[in-house]
Amino acid sequence: MTVEEMLAHVDHTQLKVFATWEDIQKLCREALKYHTASVCIPPSYVKRAREAFPQLNICTVIGFPNGYNTKEVKVAEAKQAIAEGANEIDMVVNIGDVKNKEFDKVTDEIKALKEVAGSKILKVIVETCYLTEDEKIALCRCVTEGGADFIKTSTGFGTAGAQLEDIELFKKYVGPTVKIKAAGGIRTKEAIEAFLNAGCDRIGCSAAVKALCPQEQ
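All of the points below concern the structure found in this document.

### Points about the overall build of the protein
(1) Moving on: Helices and strands together make up the secondary structure of the protein, namely ten helices and eight strands.
(2) Moving on: Relative to a compact globule of 217 residues, whose C-alpha radius of gyration would be 17 Å, the protein shows 16 Å and is just as compact.
(3) Moving on: Structurally, the protein occupies a C-alpha span of about 50 × 35 × 30 Å along its principal axes.
(4) Moving on: Restricting to contacts in the protein with at least 6 residues of sequence separation, those with at least 24 account for 68%.
(5) Moving on: Approximately 9,900 Å² of the protein is accessible, and the part contributed by carbon and sulfur atoms is 49%.
(6) Moving on: Across the protein, the centroid of the 28 positively charged side chains sits 3 Å from that of the 31 negatively charged ones.

Here you go:
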């Protein structure tokens, strides 16, 4: 797999709480230069990034990073993000609902966000580090039945990030229309390639350009 092929699957990410507009602009310029799949940035920067980089594919996060906002708040967040120029939405599920085994609520929330997203891409972050295997399997069903486009491993803010064994599990239990995004702790060329070879269609990574194009840094 070439470096260019790997970069085409990367959501070039900057979600640090102290990220400045200068940081976001640098990320966006790199995304355009290296032809990454998208930039993934905080909702507060979406409008500004869209105005400054009109040709860019912009992803943002909803209910991030803890997921315990109400459905109504997430819906409002998503509506605003799309109105301000987001092309893709990465939402965090309510882990409390998962632990309470209220999977119908989880599915309903995903459906509500997909209704807002419409033809735009919706990715569902399940935060695998907090889940049992049975919960991961149940969430594969929720994501599929909710009509989301992707299941995503992690926020990068939990106790652990993406694990290859979770990708294998997702491949077994998600529906045929659901793709997989790995995120959290992926920092090397070898890791990016391993997750893509395992079946991921997207990689959420803040270090991809540094890892894949070190000679240009």
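And the narrative resumes.
### Here we look at the packing of aromatic side chains
(1) Moving on: Per the stated rule, a full pass over the model turns up two aromatic pairs.
(2) Moving on: Relative to Tyr 45, the ring of Trp 21 has its centre 6.1 Å away and its plane inclined at 20°; by these criteria the two rings are stacked. In this pair, Trp 21 sits in helix H2 (residues 21–34) while Tyr 45 sits in the loop between strand S2 (38–41) and helix H3 (46–52), placing the two residues 24 residues apart along the sequence.
(3) Moving on: Pairing Phe 64 with Phe 157 gives two aromatic rings, centres 5.2 Å apart and planes at 85°, and the pair type is edge-to-face. Pair noted here: Phe 64 is in the loop between strand S3 (58–62) and helix H4 (71–83) and Phe 157 is in the loop between strand S6 (150–152) and helix H8 (164–173), with a separation of 93 residues, a long-range link.
(4) Moving on: Phe 157 sits in the partly exposed class, given a relative accessible area of 42%.
(5) Moving on: The ring of Phe 150 has Lys 123 lying over it, and the distance from NZ or CZ to the ring centre is 5.9 Å.

### Thoughts on the layout of surface pockets
(1) Moving on: Considering only enclosed or pocket space, the largest pocket measures out at about 470 Å³ in volume.
(2) Moving on: Contributions of two or more residues to the lining of the largest pocket are made by strand S7 (179–183) and strand S8 (202–205).
(3) Moving on: Taken together, the residues of the lining of the largest pocket sort by class into ten nonpolar, eleven polar and four charged.
(4) Moving on: By volume, the second largest pocket amounts to about 170 Å³.
(5) Moving on: If you trace the second largest pocket, you find twelve residues lining it, with His 12, Lys 26, Leu 27, Glu 30 and Ser 206 closest to the centre.
(6) Moving on: Elements supplying a minimum of two residues to the lining of the second largest pocket: strand S1 (10–13), H2 and helix H10 (208–212).
(7) Moving on: Grouping the constituent residues of the lining of the second largest pocket by class yields three nonpolar, five polar and four charged.

### What to know about helix H7 (residues 133–145)
(1) Moving on: Taking 1.5 Å of rise per residue, the 13 residues of H7 would be expected to cover 18 Å, and the 19 Å separating its terminal C-alpha atoms lies within 8% of that figure.
(2) Moving on: Backbone geometry just after H7 places Gly 147 at a positive phi near 85°.

### Description of the pairing of S3
(1) Moving on: Within S3, five of the five residues are buried, leaving the element largely enclosed by the surrounding structure.
(2) Moving on: Neither face of S3 is open: one carries Ile 58, Thr 60 and Ile 62, the other Cys 59 and Val 61, and all of them are buried.
(3) Moving on: Where S2 meets S3, three bridges bridge the pair, whose relative direction is parallel. Residue pairing in the sheet places Ile 41 in a bridge with Thr 60 of S3.
(4) Moving on: Each parallel crossover has a hand, and for S2 linked through H3 to S3 it is right-handed.
(5) Moving on: Inspection of the sheet shows S3 paired to strand S4 (residues 88–92) by four bridges, in the parallel sense.

### Remarks on the pattern of salt bridges
(1) Moving on: In the structure shown here, the tally under the stated rule is 16 salt bridges.
(2) Moving on: Notably, a salt bridge pairs Asp 149 with Lys 114, separated by 2.8 Å at the nearest N-O pair. Separated by 35 residues along the polypeptide, Asp 149 in the loop between H7 and S6 and Lys 114 in helix H6 (residues 103–117) bring together distant segments of the chain.
(3) Moving on: Take Lys 114: its relative accessible area is 15%, and that puts it in the buried class.
(4) Moving on: Ionic contacts of the salt-bridge type, sharing partners, join the residues Asp 11, Glu 88, Asp 90, Lys 123, Lys 152, Lys 181 and Arg 202 into one network.

### Notes on the sheet that holds S6
(1) Moving on: Spatially, S1-S2-S3-S4-S5-S6-S7-S8 is the arrangement adopted by the eight strands of the closed barrel, whose pairing is parallel. Sheet twist, expressed as the mean angle between neighbouring strand axes with direction ignored, is 25°.
(2) Moving on: The sheet contact formed by S6 and S7 spans three bridges and is parallel. Residue pairing for S7: Phe 150 is matched across the bridge by Lys 179.
(3) Moving on: Running at roughly 155° to strand S5 (residues 121–125), H6 makes contact with S3, S4 and S5 of the sheet.

Reading the values: the criteria
Residues numbered from 1 in each chain as written. Predicted model: local features only at pLDDT ≥ 70, side-chain atom pairs only at ≥ 80, totals over all residues. Heavy atoms only, no water. Helix = DSSP H or I, 4+ residues; strand = E, 2+ residues; numbered from the N terminus. Rg over C-alpha atoms; globule rule 2.2 N^0.38 Å. Contact = heavy atoms within 4.5 Å. Areas by Shrake-Rupley, 256 points an atom, 1.4 Å probe, with all protein chains shown as cover. Lys, Arg positive; Asp, Glu negative; His and termini not counted. Charge placed at Lys NZ, Arg CZ, Asp CG, Glu CD. Phe/Tyr/Trp six-rings, centres within 6.5 Å; stacked < 30°, edge-to-face > 60°. Buried < 20%, exposed > 50% of the residue type's maximum accessible area, 1.4 Å probe, protein only. Lys NZ or Arg CZ within 6 Å of the ring centre and 35° of its normal. 1 Å grid on protein atoms, 1.4 Å probe; cavity = no way out; pocket = protein on both sides within 12 Å on 5 of 7 lines; lining within 4 Å. Points joined across faces, edges and corners; volume = space filled by probe spheres on them. Nonpolar A, V, L, I, M, F, W, Y, C, P; charged D, E, K, R; others polar. Expected span 1.5 Å × (residues − 1). Pairing = 2+ DSSP bridges. Right-handed = clockwise from strand over helix to strand, strands pointing away. Salt bridge = Lys/Arg side-chain N within 4 Å of Asp/Glu carboxyl O. Axes fitted to C-alpha atoms, helices over the stretch in contact; angles between N-to-C directions.

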